[in-house]
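Results of the structural survey
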Amino acid sequence: MEQITLKSPLDMHLHLRDGEVLKSVAKYTAKSFSGALVMPNLNPPILNVDSALAYKQRILEAMGEEKFNPMMSLYLTESLDRNELLKAKDNGICFLKLYPKGATTGSENGVSEILNPKILEILEIAQELDLILSIHGESNGFVLEREAEFHQVFIELAETFPRLKIIFEHLSDRRSIAVVEKYPNLYATLTLHHISMSLDDVIGGALNPHAFCKPILKTPKDRDALREVALNAHSKFSFGSDSAPHLQGSKENAKGAAGIFSAPILLPTLAMIFEAHDKMDNLERFVSLNAQRIYGIHASDKQVILVKKPMAIPHEIHGIVPLNAGGSLTWSFG
Ligand code: NCD
Ligand code: ZN
């Protein structure tokens, strides 16, 4: 049987939630990844080091026996200061996550005016301490232009803080690729859904709330350009799933929550895509080596084996509908 072994895969953008949902979804990530950058947009959000450390403990408990490295992030608000950032650093928390206010799920506490003196002061300290800044890069303009309208903020931040590593999260628009390439301190993550699906999958047929996320899926041209970047394991891009579970009710009722739950199918689906384009040799760079280099992560000895064997995708998992529910894959876990 054909099989591949991936050394120390990493998911550099993940929502694990908390409580019962955390307990339901943790094992899918634990089985596939040696570590993940965990997003802080809980309700209430992870605003300080103490709550990040307590959350980390709950994550480790949910992961059970699996060896797993949860890399914690702090939700960036104006209440952070030098002492808290120093404490973060001392406790191995290296990431700040910036949400523009109102841009996505759990962004109510986000920043309304990003280039304001208080935020710039916090970023100056972050640069000094070698923290990494992850950004949800969307304006509040027309939905298909939001990412492009945000480029100017990335450019100003990249120029103002040339020694701060800035991550342009979940690229969705092909025009963003050149921005990432141009600035030496800008990097990016790519999701499975943005490299494999387009707006047609959301609204081209019957409305599919399970493919609805922020940033919204865009055109087939955007998808294809982003997929090329992934297939070539472009050195400035790492894999970050943005797997974002919501209970079926909140996706399908009038609330229409944004977020795609992809954790159970990520690596087998990526294997299918890389195989179809004859780029299997680049998969490990995309899901592991690039992140290790960009973020300075020490690889663990975890190995994930994928085999060419059909895998059925469940219709639902503890009340959460996964991406491509009810479908099947040609690769699965060994
Ligand atoms: C994420 C969530 O549900 O937390 N939703 C999403 O559509 N991607 C938040 C985010 O990363 O934007
Ligand atoms: Zn996210």
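Residues numbered from 1 in each chain as written. Chains lettered and ligands numbered in written order. Predicted model: local features only at pLDDT ≥ 70, side-chain atom pairs only at ≥ 80, totals over all residues. Heavy atoms only, no water.

**Focus on the pattern of salt bridges**
Between side chains of opposite charge, a pair can form as their charged atoms come close. Under the counting rule described, the total for this entry stands at 13 salt bridges. Salt-bridge contacts for Arg223 lead to Asp224; the nearest nitrogen and oxygen are separated by 2.9 Å. Note that Lys308 is salt-bridged to Glu275, the shortest N-O span being 2.7 Å. Residue Lys308 is located in the loop between strand S10 (303-307) and strand S11 (311-312), and its partner Glu275 is located in helix H12 (residues 266-276); the two are separated by 33 residues in the primary sequence. What makes Lys308 partly exposed here is its relative accessible area of 33%. Here the salt bridges do not stand alone but share partners, grouping Glu145, Asp173 and Arg175 into one network. (Salt bridge = Lys/Arg side-chain N within 4 Å of Asp/Glu carboxyl O. Helix = DSSP H or I, 4+ residues; strand = E, 2+ residues; numbered from the N terminus. Buried < 20%, exposed > 50% of the residue type's maximum accessible area, 1.4 Å probe, protein only.)

**Topic: the packing of H12 against helix H13 (residues 283-295)**
Between H12 and H13, the least distance of the axes is 9 Å, while the angle of their chain directions is 140°. When the axes of H12 and H13 are compared, the pair comes out oblique. Contacts between H12 and H13 pair Leu267, Leu270, Ala271 and Phe274 from the former with Leu283, Phe286 and Val287 from the latter. Across the contact of H12 with H13, the residue classes break down as 7 nonpolar, no polar and no charged. (Axes fitted to C-alpha atoms, helices over the stretch in contact; angles between N-to-C directions. Parallel < 35°, antiparallel > 145°, perpendicular 65-115°, else oblique. Contact = heavy atoms within 4.5 Å. Nonpolar A, V, L, I, M, F, W, Y, C, P; charged D, E, K, R; others polar.)

**Side note on unusual backbone geometry**
Look at the link from Asn43 to Pro44: it is a cis peptide, with omega at 0°. Relative to the helices and strands, Pro44 is located in the loop between strand S3 (35-38) and helix H2 (49-63). For Asp242, which is not glycine, the phi torsion reads 55° and is therefore positive. Note on placement: Asp242 falls in the loop between strand S9 (237-239) and helix H11 (248-252). Of the residues examined, Asp242 reaches a relative accessible area of 6% and is grouped as buried. One non-glycine residue, Asp278, adopts positive backbone phi at about 55°. Examined against the element boundaries, Asp278 turns out to sit in the loop between H12 and H13.

**Here's the deal with the sheet that holds S10**
The strand order across the open sheet formed by 3 strands is S1-S10-S13, and the pairing between neighbours is antiparallel. Bordering the open sheet on either side are strand S1 (3-7) and strand S13 (332-333), each of which pairs with just one other strand. Two elements, S1 and S10, share 5 bridges in a ladder whose sense is antiparallel. Counterpart to Thr5 in the pairing with S10 is Ile305. (Pairing = 2+ DSSP bridges.)

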